[in-house]
Amino acid sequence: MSENETLISAANQARENAHAPYSNFRVGAALRATSGRIFGGCNVENATYGLTVCAERVAIFKAISEGERGFDAIAVVTDTDILTPPCGACRQLIWEFCGDVPVILANLKGKTETIRMKDLFPKPFDSSNL
Ligand code: THU
């Protein structure tokens, strides 16, 4: 298995744990740290709707809270024909912790596309603006 396939497979596995009873839109993400460790995340919804956390941010917070710094890539998996890019809030967080990494989008049928963060998030607000 290639590194990308391994990351997609981890995102797929994380997606199995999605708590998405309100949208029924199940998302899995996986983040590869420069240490080699992979952190999975799924979307976790809430009856208030607004407190929902996306799969990407769950993966990032897991990794950061485990002491990881520095990441090589993130994968996002959904069961849709049109691949799912990270939402705006997640782009901000991915930029903060991962910078210009490849974002690997995939679905359950094996379709994949890789987009770099610089292209998904061309004019970021970050620490360089402070
Ligand atoms: N969602 C994610 O987890 N990641 C994305 O990139 C897009 C949206 C979740 C949030 C919510 O639980 C559901 O998908 C529908 O928006």
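Everything below is about the structure printed above this text.
Residues numbered from 1 in each chain as written. Predicted model: local features only at pLDDT ≥ 70, side-chain atom pairs only at ≥ 80, totals over all residues. Heavy atoms only, no water.

J.: Please set out the overall build of the protein residue by residue, giving values where relevant.
T.: Counting its regular elements, the protein contains four helices and five strands. Walking the protein from its N terminus toward its C terminus, one meets helices and strands in the order α-β-β-α-β-α-β-β-α. At 14 Å, the protein has a C-alpha radius of gyration in line with the 14 Å of a compact globule built from 130 residues. Counting only C-alpha atoms, the protein reaches 40 × 40 × 30 Å along its principal axes. In the protein, buried positions account for 46% of the 130 residues. In the protein, the proportion of contacts linking residues at least 24 apart, taken out of those at least 6 apart, comes to 58%. Of the roughly 7,000 Å² of accessible surface on the protein, a fraction of 52% belongs to carbon and sulfur atoms. With 13 positive and 15 negative side-chain charges, the protein shows a separation of 2 Å between the mean positions of the two kinds. (Helix = DSSP H or I, 4+ residues; strand = E, 2+ residues; numbered from the N terminus. Rg over C-alpha atoms; globule rule 2.2 N^0.38 Å. Buried < 20%, exposed > 50% of the residue type's maximum accessible area, 1.4 Å probe, protein only. Contact = heavy atoms within 4.5 Å. Areas by Shrake-Rupley, 256 points an atom, 1.4 Å probe, with all protein chains shown as cover. Lys, Arg positive; Asp, Glu negative; His and termini not counted. Charge placed at Lys NZ, Arg CZ, Asp CG, Glu CD.)

J.: For the layout of surface pockets, give the residues involved together with the corresponding values.
T.: Computed from the structure, the largest pocket encloses a volume of approximately 170 Å³. Considering the residues around the largest pocket, the lining is formed by 14 residues, among which Phe-25, Val-27, Asn-43, Cys-54 and Glu-56 are closest to the centre. Taken together, the residues of the lining of the largest pocket break down into eight nonpolar, four polar and two charged. (1 Å grid on protein atoms, 1.4 Å probe; cavity = no way out; pocket = protein on both sides within 12 Å on 5 of 7 lines; lining within 4 Å. Points joined across faces, edges and corners; volume = space filled by probe spheres on them. Nonpolar A, V, L, I, M, F, W, Y, C, P; charged D, E, K, R; others polar.)

J.: Break down the site of the ligand for me, with residues and values.
T.: In the region of the ligand, the neighbouring residues are Ser-23, Phe-25, Val-27, Asn-43, Glu-45, Thr-52, Cys-54, Ala-55, Glu-56, Pro-85, Pro-86 and Cys-87. Measuring from an oxygen atom of the ligand, one finds a side-chain N or O atom of Asn-43 at 2.9 Å. Within the contact set of the ligand, an oxygen atom lies 2.9 Å away from a backbone nitrogen or oxygen of Ala-55. Calculation on the ligand without its partners gives an accessible area of 370 Å², and the protein chains cover 80% of this total. Of all the cavities here, the one that holds the ligand is the largest pocket. (Near = heavy atom within 4 Å. Polar contact = N/O pair within 3.5 Å; in protein donor to acceptor, adjacent residues only side chain to side chain. Sits in = over half its atoms within 2 Å of the grid points.)

J.: Please give an account of the packing of aromatic side chains that cites residues and values.
T.: Taken as a whole and assessed by the stated rule, the structure comprises one aromatic pair. A ring pair is formed by Tyr-22 and Tyr-49, whose centres lie 5.6 Å apart and whose planes are at 45°; its orientation type is tilted. With Tyr-22 in the loop between helix H1 (3-15) and strand E1 (28-33) and Tyr-49 in the loop between strand E2 (38-42) and helix H2 (55-65), this residue pair connects regions lying 27 residues apart in the sequence. Taking the relative accessible area as the measure of exposure, Tyr-49 reaches 57% and is therefore exposed. (Phe/Tyr/Trp six-rings, centres within 6.5 Å; stacked < 30°, edge-to-face > 60°.)

J.: Quick rundown of H1? Include the residues and the values.
T.: With 13 residues, H1 extends 18 Å between its outermost C-alpha atoms, agreeing within 8% with the 18 Å of an ideal straight helix rising 1.5 Å per residue. Turning to H1, its buried residues number three or more, namely Leu-7, Ile-8, Ala-10, Ala-11, Ala-14 and Arg-15. Relative to the axis of H1, the buried residues are bounded by an arc of 160° and lie together on one face. Tucked inside the fold, the buried residues of H1 contact E1, E2, strand E3 (71-78), strand E4 (102-107) and strand E5 (112-116). (Expected span 1.5 Å × (residues − 1). Arc of directions from axis to C-beta.)

J.: Describe in detail the sheet that holds E3, supporting the description with residues and values.
T.: Strands sit in the order E2-E1-E3-E4-E5 across an open sheet of five strands; the sheet is mixed. Two strands lie at the open edges of the sheet, namely E2 and E5, each paired on one side alone. Strand-to-strand twist in this sheet, taken as the mean axis angle between neighbours without regard to direction, amounts to 20°. Across five bridges, the pairing between E3 and E4 is parallel. Bridge assignment links Val-77 to a residue of E4, and that residue is Ala-106. (Pairing = 2+ DSSP bridges. Axes fitted to C-alpha atoms, helices over the stretch in contact; angles between N-to-C directions.)

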